[in-house]
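Examination of the molecular architecture
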Amino acid sequence: MYSRVYVEITNICNMSCSFCHGHSREPRRMTADEFSLILDKLNGQTDYIYYHLMGEPLTHPDLPLFVKTAGERGFKSVITTNGTLLDRVGDELLESGLHKVSLSVHSFEDGTEEKFNKYMKTLSDFAVKANARGVIVVFRLWNKGFDGGRNDVIVDYLKKHIQGEWKDNSRGMRIREKMFLEWGDRFSWPDKNADVQGSEVFCYGLRDHFGILCDGTVVPCCLDSDGTINLGNIFNENIEDILSSDRAKNMKYSFDCRKATEDLCRRCGYAQRFRKQ
């Protein structure tokens, strides 16, 4: 069983962040029927649904319905969001049975001080409400070295507005039970035009996770933004057949040998962090 499956319910985003690779696909939103079919086919494959590859999940009008439906089918829903739309849909989302939310605070790169403070208030208010309902909340600052000094301002704001322990841990800080701040380095997305990153390649793609784009394309990891490594389509194929294909099996075996059968994997900066594991 996979620890998680990334289901991209939309590739549409309301922001254009400098750290995001973006994609060249047609804008699309997954329908309720398509999402239901995916849940049927993922039965027994995982317990956790993550709602993104590209796109901002909160832009999808049916997101609360999707989360509720997934919960009724026995799945736990995990959402990563830039948080800019939480003031509109946050309460409805909490009613749907959310398991965990990661707030990418590093997404807010521009804007006036007034807009920034409003944004931070939206995030902190939602985090407190979600935490009170037992939802796991993570503030993400995956921009070390590229924050322009704003990370300190963000942490100071959160400490003033959220009471907690604020103790350091291996990944960042434990704010309180089920609420954390997580540090991360900025990384280079895999790109077919990027330089080869090194002779050794290791990845957890197809080992503990895989992804499904909003048109049903199955990809080996959460960073294949354009569906370059198209393993099949879940809308018209069995997921077991897709994951047991020669291409998928060769990819997984090659990672065991610290090699990559796919050119895109050799050009992935994120994979380099696993070289010594």
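What counts, and at which threshold
Residues numbered from 1 in each chain as written. Predicted model: local features only at pLDDT ≥ 70, side-chain atom pairs only at ≥ 80, totals over all residues. Heavy atoms only, no water. Core = buried A, V, L, I, M, F, W, Y, C linked by side-chain atoms within 4.5 Å. Buried < 20%, exposed > 50% of the residue type's maximum accessible area, 1.4 Å probe, protein only. Helix = DSSP H or I, 4+ residues; strand = E, 2+ residues; numbered from the N terminus. Contact = heavy atoms within 4.5 Å. Pairing = 2+ DSSP bridges. Right-handed = clockwise from strand over helix to strand, strands pointing away. Axes fitted to C-alpha atoms, helices over the stretch in contact; angles between N-to-C directions. Parallel < 35°, antiparallel > 145°, perpendicular 65-115°, else oblique. Left-handed = near helix turned anticlockwise from the far one by under 90°. Nonpolar A, V, L, I, M, F, W, Y, C, P; charged D, E, K, R; others polar.

Ranked by size, the top nonpolar core spans 68 residues in total, and within it Val7, Leu42, Tyr51, Phe139 and Phe210 carry the most contacts. For this core, the element with the most residues is helix α4 (residues 113-132), which contributes 7 residues. Dropping the residues within four chain positions of it, Phe139 is found in contact with Leu103, Val105, Leu123, Ala127, Leu158, Ile162, Ile175, Met179, Phe180, Leu181 and Glu182.

Turning next to the pairing of strand β4 (residues 100-104). For β4, the tally of buried residues reaches 4 of 5 residues, placing the bulk of the element in the interior. Pairing between strand β3 (residues 76-81) and β4: 4 bridges, direction parallel. In the sheet register, Thr81 faces β4, and the bridge partner there is Leu103. Taken together, β3, helix α3 (residues 86-95) and β4 constitute a β-α-β crossover, and its handedness is right-handed. Pairing between β4 and strand β5 (residues 136-144): 5 bridges, direction parallel. Paired with Leu103 across the bridge in β5 is Phe139.

The next point concerns the packing of α4 against helix α5 (residues 150-161). Where α4 contacts α5, the two axes come as close as 11 Å, and the packing angle between them is 50 degrees. The pairing of α4 with α5 is recorded here as oblique in orientation. Of the two elements, α4 crosses α5, and the hand of that crossing is right-handed. Where α4 approaches α5, its residues Phe116, Asn117, Met120, Lys121 and Ser124 are matched on the opposing element by Arg150, Val153, Ile154, Tyr157, Leu158 and His161. Looking at the contact of α4 with α5 residue by residue, the class counts come to 6 nonpolar, 3 polar and 2 charged.

This paragraph deals with the sheet that holds β4. Taken in spatial order, the 11 strands line up as β6-β7-β8-β5-β4-β3-β2-β1-β9-β10-β11 in an open sheet, and their pairing is mixed. Sheet topology places β6 (167-168) and β11 (232-233) at the edges, where each strand pairs with a single neighbour. Lying on the sheet, α5 is in contact with β5, β7 (172-176) and β8 (179-185); it crosses β5 at an angle near 160 degrees.

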